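This is what each chain is made of:
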Amino acid sequence: ISGEVLTGISPKAIPSLAVASLSVDQLQALDVSQISAFTSSQVANLKAEPLNGLGEKLGAFSVKGGLAGLKTSLLTSETSQFLTPAQVTGLTTTQIGLIATQAEGLTADQISSLTTAQAIAISNKAIPLLSLEDAIQALDPKVIAALPTKTFAALTVDALKAFSPNQLTALTTAQIGAI
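Heads up: these notes are all about the structure in this document. This structure is a prediction, so every number in the text was calculated from the model and none was measured.

**Observations concerning the overall build of the protein**
On a plain count of helices and strands, the protein comes out with 17 helices and zero strands. Within the protein, buried positions represent 42% of all 179 residues. The contacts in the protein between residues at least 6 apart in sequence include a share of 71% that link residues at least 24 apart. Of the roughly 8,500 Å² of accessible surface on the protein, a fraction of 57% belongs to carbon and sulfur atoms.

Written as structure tokens, this is what we have:
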């Protein structure tokens, strides 16, 4: 099916299994309103290449609809940066955990939108990887105080230097001991 034909089709008319066969060009041909209408089962059937080919259009997936089916393990660190802060907040802890090794692909806005449960879900893998001062400083002090102590044992010197005074004040005695 050509991209021109797809732009005239409602996403609801595309069977979930047919979504798996969409090419990068076909998916790119869809407009934002069509992408936002994808269901979670349709999004779950997207393959890695077309999904990552969406680029900025990735931000169109509905938080209450298609996003639930997003296989975050398929996202590259370059693509995950296109998730909006609202979408990041809407991800499950499992979804967030799957992109944990791609923390360097998350923006400061995305990191600041993490819930405490999400931050804990990525803490052991992602928090120590954060090297950008802006990304580390985006973590809410309340979230930092809730992180497991083993997270702090894995922090690099550069990561520790990036903590703001408010974040350092939020550290618990156990967290400080783990450093």
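**A look at the nonpolar core**
Membership of the largest hydrophobic core comes to 36 residues, with the highest contact counts inside it found for L51, F61, L70 and L83. Of all the secondary-structure elements, those providing two or more residues to this core are α13 (141-146) and α15 (157-162). The contacts of L83, once residues within four sequence positions are left out, are L58, L67, L70, L75, V88, L91 and Q110.

**Description of the environment of G177**
By the secondary structure assignment, G177 is in helix α17 (residues 173-178). Judged by relative accessible area, which is 63%, G177 ranks as exposed. Between the C-alpha atom of G177 and that of T149, which follows or precedes it by 28 residues, the distance is 8.3 Å.

**What to know about the environment of L91**
Positionally, L91 belongs in the loop between α8 (85-90) and α9 (93-98). Given the relative accessible area of 5%, L91 is considered buried.

**Considerations on the side chain of Q167**
When you line up the elements, Q167 lands in helix α16 (residues 165-170). Contacts of Q167, omitting those with residues within four sequence positions, involve I136, Q137, A138, L139, P141, I144 and A162.

**So, the environment of L168**
Residue placement: L168 occurs in helix α16. Residues L168 and I144, spaced 24 residues apart in sequence, show a C-alpha to C-alpha distance of 8.9 Å.

**Things to note about the packing of aromatic side chains**
Two aromatic rings are characterised by how far apart their centres lie and by the angle between their planes. Counting across every chain of the model gives two aromatic pairs. Arranged with centres 6.5 Å apart and planes meeting at 45°, the rings of F152 and F163 form a pair that is tilted. Of the two residues, F152 is situated in helix α14 (residues 149-153) and F163 in the loop between α15 and α16; the sequence distance between them amounts to 11 residues. Residue F163 is classed as buried on the basis of its relative accessible area of 7%.

Rules of the game
Residues numbered from 1 in each chain as written. Predicted model: local features only at pLDDT ≥ 70, side-chain atom pairs only at ≥ 80, totals over all residues. Heavy atoms only, no water. Helix = DSSP H or I, 4+ residues; strand = E, 2+ residues; numbered from the N terminus. Buried < 20%, exposed > 50% of the residue type's maximum accessible area, 1.4 Å probe, protein only. Contact = heavy atoms within 4.5 Å. Areas by Shrake-Rupley, 256 points an atom, 1.4 Å probe, with all protein chains shown as cover. Core = buried A, V, L, I, M, F, W, Y, C linked by side-chain atoms within 4.5 Å. Phe/Tyr/Trp six-rings, centres within 6.5 Å; stacked < 30°, edge-to-face > 60°.

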